[in-house]
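These are the residues of each chain, in order.
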Amino acid sequence: MEIAANGSRAASINLPSGSGQRRAAGRCGGWKLLGGTIGIFVSTPGSSSSPQVRQQGANMPFGNTHNQVKLKFTSDQEYPDLSKHNNHMAKVLTPAMYERLRSKQTPSGFTLDDVIQTGVDNPGHPFIMTVGCVAGDEETYEVFKELLDPVIQDRHGGYKPSDKHKTDLNAANLKGGDDLDPNYVLSSRVRTGRSVRGFCLPPHCSRGERRAVEKLSIEALASLSGDLKGKYYALKNMTDAEQQQLIDDHFLFDKPVSPLLLASGMARDWPDARGIWHNDNKTFLVWVNEEDHLRVISMQKGGNMKEVFNRFCTGLTKIETLFKDRGHAFMWNEHLGYVLTCPSNLGTGLRAGVHVKLPNMSKHAKFEEVLKRLRLQKRGTGGVDTAAVGGVFDISNADRLGFSEVELVQMVVDGVRLLVDMEKKLEKGQSIDDLMPAQK
Amino acid sequence: MPFGNTHNNFKLNYKVEEEFPDLSKHNNHMAKALTKEIYGKLRDKQTPSGYTLDDVIQTGVDNPGHPFIMTVGCVAGDEESYEVFKDLLDPVISDRHGGYKATDKHKTDLNFENLKGGDDLDPNYVLSSRVRTGRSIKGFTLPPHNSRGERRIIEKLSIEALTSLDGEFKGKYYPLKAMTDAEQEQLIADHFLFDKPVSPLLTCAGMARDWPDARGIWHNDNKTFLVWVNEEDHLRVISMQKGGDMREVFRRFCTGLQRIEEIFKKHNHGFMWNEHLGYILTCPSNLGTGLRGGVHVKLPKLSTHAKFEEILTRLRLQKRGTGGVDTASVGGVFDISNADRLGSSEVYQVQLVVDGVKLMVEMEKKLEKGEAIDSMIPAQK
């Protein structure tokens, strides 16, 4: 089934585009690449999540046969050629590490080669550091911590294996954010991902698991009411009219084309059990079984980030309760926060951003420096790897792990306010030197 | 993407109905053959290397099909796939290969002397001649499933075998990952270079993993004999030259193939073959001979004749554009080759091409003179 691409998404082959024009639901950021979720596998609901390889019990007739076959070859014979590679996995993996980890598997059977396949198949981007590895379930981060801890550390600003991540989805803790100047801030948006405990992640899940995730999601979302009342559109039996409307609303997502995603196995069985839910007001949107079990997006035109974040937190919390009531919490732990497929999305998985007009500021010699100090990043309005059009930029938080949701959105709110003030100064021909912020 | 059977045990926690793929929009051989009953029967099975039913069918689930072309929709991960999953693959094979039965025997004949004629196709019409096939090396799993270690050993064995060839077969190996720009340019100019697969039919089956590791191209100095290593099959062997001397092309094909097979056998790694399926290859469509023998031939008039398709069908031939499958012909030049692979020998299939192309060139000449070709329409072969 051919689904028209989100109109605002750049047709980049190598990297999925970020959020699109006019605040489309759009794709999450390119460098983030792989949203995802991690699930504890179904068959041992009460067991400790032991990281060690387990003997398969009587109800599991197979070991991981192919991995056993590979063990007949020496580690050197199997070790990937990473000489032309530039991604986090390739920076971290060594032959000795490969040798230690290659005989291991998670309880659902995810192996080291499964973790790294996407990074082997995609040497990288000359300017953007891709992650190059994924998790197939929650235990992946334990069983393969020797590889993933350094990847996480490198990606998330030195985050240590002993660090604790703080979750704060209390929107009342956000200060201000309801008054970003709409003459400059055209739209506001917050997105994140969630994994449903009890299921494997998109690189690894079976059709049965994926359908169970869809079923749970439909039930949970159908029980939302008020501002959040909405409807689910399954990708595989969408009418032409529905499809057109979703495209016009910039809600429709497509089968992944990026080889970064395809190589990890996330697009298998497309479009089975994939769909889009949104509220009647078209301000709250959930993607089911795309790169993650769930992607949750709150958005609207204008600069009222507070309202966007309120709705985001309220909706997310309600959905989480509904899933918990059905025996399937979201995956979370105090070290990694929300557990997602791509290590780049750990923690909050949150990208909060605006489309904002900064034609003068963006040409200023210190623009990049300002962004860095504010812990923000810029993208074109077609998303990652696109150019800004008409001086309009997508500005969002750069961090994911080690800061809470409130902290990250606060950085966006405060930072964008400052950038707009700077823009106004530059318009009047004034200097902005005294406005330069300290490093956050 | 098949990652071995890592997840197969898990899936058994779900019912057949929950795991059975939705094939309602699908049009490929796998979708025609697979039922819930077959799925239920086969889903807890695996080959000795751990290949499972979902691995076999993944490409067919991910690619519903082509409106005009019937794709196969399933692949083998090793030699045993054709046994372990015969309940699915036998009907697919039968459907694909003209009713070939589970009890039928396939005849292999690589004795080029058994070919009659073929050295005199008119070079004013027949621009080039080519024969290709694939070979799988016993003891290794196939491209959808093999590990880097296996692929590298296949490459190593292939390099040893090929570099020991001499005479008209003396040549050189170019690994994809260490090619110089100059070598790459030359291989492109010679039309030898193969690329990382882009077709989702192939990528969904896992054949492109770890690209370009252990992939390469070998060709003889004369540029008439070419071997691709670790592309869609362990080996793809191609003999080709300009003009219409198909006999010579086939002679070189058979001779070279047999030399290579001897060397592999010496290392206790013969080619995969059995008397029912002939040469075992990844795609069920290539079983038997795996052979496509064809020419590029100018047929501007015949190709626009109302009976062109009928003639091809009767001759057991198929047409393609000169860019290969799914391309249009350019300047009235067509790629004409045998349609069959399984159930008839190499000699028989090349004979069909030789005889059929000769007939079509005569028809073309008649049409050029404004004469009718009705008396020449062949019977169904």
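Quantities reported herein were computed from a predicted structural model and do not represent experimental measurements.

**Remarks on unusual backbone geometry**
Trans is the common state for peptide bonds, and a negative phi is the common state for residues other than glycine.
Phase 1 of the analysis: Geometrically, the link from W270 of chain A to P271 of chain A is a cis peptide bond, its omega value of 0 degrees lying close to zero.
Phase 2 of the analysis: Here P271 of chain A shows up in the loop between α10 (259-262) and β3 (275-279).
Phase 3 of the analysis: Cis geometry is found at the peptide bond from W211 of chain B to P212 of chain B, where omega equals 0 degrees.
Phase 4 of the analysis: With respect to the element layout, P212 of chain B can be found in the loop between α10 (200-203) and β3 (216-220).
Phase 5 of the analysis: In this model, D269 of chain A sits at a positive phi of 65 degrees, which is unusual for a non-glycine residue.
Phase 6 of the analysis: Tracing the chain through its elements places D269 of chain A in the loop between α10 and β3.

**What to know about the UniProt feature "domain: Phosphagen kinase N-terminal" (unreviewed entry) in chain A**
Phase 1 of the analysis: In the numbering used here, UniProt assigns the "domain: Phosphagen kinase N-terminal" (unreviewed entry) feature to residues 70-157 of chain A.
Phase 2 of the analysis: Taken end to end, residues 70-157 of chain A comprises 48% helix and 0% strand; its first and last C-alpha atoms sit 35 Å apart.

**Brief notes about the sheet that holds strand β2 (residues 230-234) of chain A**
Hydrogen bonds between backbone atoms are what pair the strands of a sheet, whose relative direction is either parallel or antiparallel.
All names here are of chain A.
Phase 1 of the analysis: Taken together, the eight strands give an open sheet; going across it, the order is β2-β3-β4-β5-β1-β8-β10-β9, and neighbouring strands pair in antiparallel fashion. The open sheet is flanked by β2 and β9 (376-379), the only strands paired with a single partner. For this sheet the average axis-to-axis angle between neighbouring strands, irrespective of direction, equals 20 degrees.
Phase 2 of the analysis: Across six bridges, strand β1 (residues 185-194) lies against strand β8 (residues 351-357) in antiparallel orientation.

**Some thoughts on the interface of chain A and chain B**
Phase 1 of the analysis: Opposite the 54 residues of chain A that make contact, chain B presents 46 residues.
Phase 2 of the analysis: Across the chain A/chain B interface, buried area totals approximately 3700 Å², and carbon plus sulfur atoms make up 48% of it.
Phase 3 of the analysis: The interface formed by chain A and chain B holds four salt bridges in total.
Phase 4 of the analysis: A salt bridge links K177 of chain B to D81 of chain A; its shortest N-O distance comes to 2.7 Å.
Phase 5 of the analysis: Put simply, chain A and chain B have 22 residue pairs in polar contact (both at pLDDT 80 or more) between them.
Phase 6 of the analysis: Counting residues per element, the ones that place at least two in the side of chain A that touches chain B are α1 (65-70), α2 (75-78), α5 (112-121) and α8 (207-222) of chain A.
Phase 7 of the analysis: Element by element, the count of residues in the side of chain A that touches chain B is highest for α5 of chain A, at six residues.
Phase 8 of the analysis: Here the side of chain A that touches chain B is built from residues that sort into 22 nonpolar, 16 polar and 16 charged.

**Description of the sheet that holds strand β5 (residues 235-242) of chain B**
Residues and elements named next belong to chain B.
Phase 1 of the analysis: Strand order in the open sheet formed by eight strands is β2-β3-β4-β5-β1-β8-β10-β9, and the pairing between neighbours is antiparallel. Lying at the two open borders of the sheet, with one neighbouring strand each, are β2 (171-175) and β9 (317-320). Along the sheet, successive strands turn relative to each other by an average axial angle of 20 degrees, direction set aside.
Phase 2 of the analysis: Direction of pairing for strand β8 (residues 292-298) relative to strand β10 (residues 333-338): antiparallel, over a ladder of five bridges. By the bridge assignment, G294 is partnered in β10 with S337.

**A few points about the environment of R155 of chain A**
Phase 1 of the analysis: Counting through the fold element by element, R155 of chain A comes out in helix α7 (residues 145-155).
Phase 2 of the analysis: Separated by 246 residues in the primary sequence, R155 of chain A and L401 of chain A place their C-alpha atoms 9.4 Å from one another.

**Remarks on the confidence of the model for chain A**
Phase 1 of the analysis: Predicted confidence across chain A gives a mean pLDDT of 85, with 84% of residues reaching 70 or more.
Phase 2 of the analysis: pLDDT under 50 marks residues 1-63 of chain A. Its contacts with residues more than four places away, or in other chains, come to 257 contacts.

**Focus: the domain arrangement of chain A**
In many analyses, interface size is given as the accessible surface area lost on bringing the parts together.
All names here are of chain A.
Phase 1 of the analysis: Taken as a whole, chain A is organised into domain 1 (66-156) and domain 2 (171-435).
Phase 2 of the analysis: Put simply, the middle of domain 1 and the middle of domain 2, counted by C-alpha atoms, are 28 Å apart.
Phase 3 of the analysis: Across the contact, 23 residues belong to domain 1 and 25 residues belong to domain 2.
Phase 4 of the analysis: Between domain 1 and domain 2, the buried area comes to about 1800 Å², and carbon and sulfur atoms account for 65% of it.
Phase 5 of the analysis: Applying the counting criterion to the domain 1 and domain 2 interface returns one salt bridge.
Phase 6 of the analysis: For the side of domain 1 that touches domain 2, the elements supplying multiple residues, two or more each, are α5 and α7.
Phase 7 of the analysis: Among the residues making up the side of domain 1 that touches domain 2, the classes are represented as ten nonpolar, nine polar and four charged.

**Here's the deal with the domain arrangement of chain B**
Residues and elements named next belong to chain B.
Phase 1 of the analysis: Here chain B is described as being made up of domain 1 (9-97) and domain 2 (112-369).
Phase 2 of the analysis: With centres defined by C-alpha atoms, the gap from domain 1 to domain 2 works out at 27 Å.
Phase 3 of the analysis: Listed as interface residues are 24 residues of domain 1 and, on the opposing side, 24 residues of domain 2.
Phase 4 of the analysis: With both sides pooled, the region where domain 1 packs onto domain 2 buries about 1900 Å², and carbon together with sulfur makes up 64% of that total.
Phase 5 of the analysis: Put simply, domain 1 and domain 2 have one salt bridge between them.
Phase 6 of the analysis: Between the two partners, domain 1 and domain 2, sit nine residue pairs in polar contact (both at pLDDT 80 or more).
Phase 7 of the analysis: Elements with a contribution of two residues or more to the side of domain 1 that touches domain 2: α5 (53-62) and α7 (86-96).

Cut-offs applied
- Residues numbered from 1 in each chain as written.
- Chains lettered and ligands numbered in written order.
- Predicted model: local features only at pLDDT ≥ 70, side-chain atom pairs only at ≥ 80, totals over all residues.
- Heavy atoms only, no water.
- Helix = DSSP H or I, 4+ residues; strand = E, 2+ residues; numbered from the N terminus.
- UniProt positions renumbered as here; feature names shortened; annotations may be inferred.
- Pairing = 2+ DSSP bridges.
- Axes fitted to C-alpha atoms, helices over the stretch in contact; angles between N-to-C directions.
- Contact = heavy atoms within 4.5 Å.
- Buried area = accessible area lost by both parts, 1.4 Å probe.
- Salt bridge = Lys/Arg side-chain N within 4 Å of Asp/Glu carboxyl O.
- Polar contact = N/O pair within 3.5 Å; in protein donor to acceptor, adjacent residues only side chain to side chain.
- Nonpolar A, V, L, I, M, F, W, Y, C, P; charged D, E, K, R; others polar.
- pLDDT = per-residue confidence, 0-100.
- Domains from an automatic or database assignment.

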